[in-house]
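One-letter residues, chain by chain:
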Amino acid sequence: MSKSIKIEIDVRSGFCHGVIRAIRKAEQELNTDKSLYCLGEIVHNSEEVSRLNRKGLQTIDKEQFMQLKDTKVLFRAHGEPPEVYDIAQRNNITVVDASCGVVLALQQKIRKAHEESPDAQIVILGKKGHAEVIGLEGQIGYSDIVIENESDLNKIDFSRQIILFSQTTKSVEEFNSIVAKIKENLKEGVDFRYYDTICRQVSNRIPELKEFASRYELIIFVSGKNSSNGKVLFDVCRSVNPNTMFVASLNDIDFDNIEHFSSIGICGATSTPIWLMEAVKEKIEHYFTSSDKNLNKKI
Ligand code: SF4
């Protein structure tokens, strides 16, 4: 007997404009060239990466990039440090630059802050080793301090000028709390400037996502495991709805758990393709209407 269940996809979830642009550029190139290198995964979503790989997009790492000559390479939305452009020029590599405008503007801001205040400590709230953060650090010769959370604050000298920026996908709450902690520790008379450089494509989604997540008994959050904004937005969903399930691919759907709910909302990160959320919805619908549920779990 089939059970009546309401399943809806959040229409505001899915790729941000930076990712849409990068994927469009890749597909445009692949329409003519049939193969294209991409430095790092084009988006933190293995399902979408596999789809583009099948079309001819080959993901390469930095080591492989350094061996290439006389070819074409796409730089993804995260942006790259200056030395990567230098390598491309030396090796006659044509760059298909899909660096997001929001990231490029932040790179420029950091460069300018360093030029204007060379003695200031440039602090970036972000994930160490994340491609975007490396691109930001490279703008000022890696002379900055990266802090991931409050426990890294001891890297800062509170008796010297501080200029704080944020990786674009951090949460505004986290940024504000770091600002408050720095102010608490700051020695008297020391200059502290801070710039909330969080991308609004991520932070503007939060109030809407909270509202969406509170409307359903169960939330299925679809995202790649390495997506920074995926982690932020998943936590947002879980904060308003403890019944939030993380799903990276169709195989992750926990049907034994889903059976207990009659309304399900599906949403995702700025790196989650719509087609994947639709496939999740279809698979669940199929499960509830199928007579052989055990067989359907494996489809
Ligand atoms: S999240 Fe914002 S900064 Fe990052 S790629 Fe998307 S639009 Fe650009």
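A. Molecular detail of the nonpolar core. Ranked by size, the top nonpolar core spans 18 residues in total, and within it I220, I258, I264, I266, V280 and I284 carry the most contacts. Among the elements that make up this core, the one with the highest residue count is helix α12 (residues 274–289) (six residues). Dropping the residues within four chain positions of it, I266 is found in contact with I7, E8, I9, D10, F212, I220, V222, M277, V280 and K281. Counting residues in hydrophobic clusters, the runner-up holds 17 residues, among them V19, I23, L36 and L74.

B. Region of interest: the sheet that holds strand β12 (residues 263–268). Judged by pairing direction, the sheet is parallel, and its four strands sit side by side in the order β1-β12-β10-β11 without closing on themselves. What marks the edges here is a single partner per strand, and that holds for β1 (6–9) and β11 (244–247). Averaged over all neighbouring strand pairs, the angle between strand axes comes to 20 degrees, with direction disregarded. The sheet contact formed by strand β10 (residues 218–222) and β11 spans four bridges and is parallel.

C. Seen up close, the packing of helix α9 (residues 205–213) against helix α10 (residues 228–240). For the pair α9 and α10, interaxial distance at closest approach is 8 Å and the crossing angle is 45 degrees. Put simply, α9 runs oblique to α10. Once α9 is placed against α10, the crossing between them reads as right-handed. For the pair α9 and α10, the contacting residues are I206, L209, K210 and A213 in the first and V232, L233, V236, C237, S239 and V240 in the second. A class-by-class count of the residues in the contact of α9 with α10 yields eight nonpolar, one polar and one charged.

So, how was this worked out
- Residues numbered from 1 in each chain as written.
- Predicted model: local features only at pLDDT ≥ 70, side-chain atom pairs only at ≥ 80, totals over all residues.
- Heavy atoms only, no water.
- Core = buried A, V, L, I, M, F, W, Y, C linked by side-chain atoms within 4.5 Å.
- Buried < 20%, exposed > 50% of the residue type's maximum accessible area, 1.4 Å probe, protein only.
- Helix = DSSP H or I, 4+ residues; strand = E, 2+ residues; numbered from the N terminus.
- Contact = heavy atoms within 4.5 Å.
- Pairing = 2+ DSSP bridges.
- Axes fitted to C-alpha atoms, helices over the stretch in contact; angles between N-to-C directions.
- Parallel < 35°, antiparallel > 145°, perpendicular 65-115°, else oblique.
- Left-handed = near helix turned anticlockwise from the far one by under 90°.
- Nonpolar A, V, L, I, M, F, W, Y, C, P; charged D, E, K, R; others polar.

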